[in-house]
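# Structure assessment
One letter stands for each residue in the lines below.
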Amino acid sequence: PGATRLPASAFVSLPDLAARYAYLVDVEGSGYSGRLKYLLHSGRPVLLADRPHLEFFYEHLRAWDHYVPVRRDLGDLHEKIRWLQAHPAEAAAIARRASSFAAQHLTRAAAARRWRDVLAPHVARRAERRRSVRCAAEEACDVVYRAPDGSGTVKLATLRAGETATVDALPGHALHVGERVIRT
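Notes on the structure follow. None of the values given here were measured: they were computed from a predicted structure.

Thresholds applied
- Residues numbered from 1 in each chain as written.
- Predicted model: local features only at pLDDT ≥ 70, side-chain atom pairs only at ≥ 80, totals over all residues.
- Heavy atoms only, no water.
- Pairing = 2+ DSSP bridges.
- Helix = DSSP H or I, 4+ residues; strand = E, 2+ residues; numbered from the N terminus.
- Axes fitted to C-alpha atoms, helices over the stretch in contact; angles between N-to-C directions.
- Buried < 20%, exposed > 50% of the residue type's maximum accessible area, 1.4 Å probe, protein only.
- Contact = heavy atoms within 4.5 Å.

With respect to topology, four strands assemble into an open sheet ordered β6-β5-β8-β9, the strand pairing being antiparallel. Every other strand in the sheet has two partners, leaving β6 (153-159) and β9 (180-183) as the edge strands with one partner each. Within this sheet the neighbouring strands show an average axis-to-axis angle of 20°, counted without direction.

In this section: the pairing of β6. Inspection of the sheet shows strand β5 (residues 141-146) paired to β6 by six bridges, in the antiparallel sense. Bridge pairing in β6 links C141 to L159. Where β5 folds back on β6, the antiparallel hairpin that results is connected by six residues, among which G150 adopts a positive phi of roughly 75°.

The next subject is the environment of V12. Considering the arrangement of structural elements, one finds V12 in the segment before α1 (14-20). For V12, a relative accessible area of 32% gives the class partly exposed. The contacts of V12, once residues within four sequence positions are left out, are L17 and R20.

Spelled out as structure tokens, the structure:
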């Protein structure tokens, strides 16, 4: 038998969730939950079930500061909801800090900064490895890498006589341009 399909009207949008419920719960389910970022923007306290897989922003996310932690099996969910109900001022403060966190860390601009921070060292290392090579032969030259242990070669380009190209030079490899060898 197939799974029961719910009509679209059975689903609630994230803005409607925030308007309808005092507290929002995020659990993994059987896969990735991408809605936590939106829940943190909601202005509501978020109860976050523990999970083994963490996203890039978790390094800055703090339990009881930005969310209320819940065990992965949800065994303490009722206890945490009762705590929120008994401490409305603290619950509101957690929600405010979560919104502030989201405004700082969970925007397109913040994601772009994060990608820049992650990729910049790799781009810089790649730029340091770039080498300009020229085919000095009378005929075309193959530009080839040879692994230091002789385990393999990779053809990067074929240059016409006098043509120049810029290639990545892997450290410790021999870059062959025609008959000429360049140690990297």
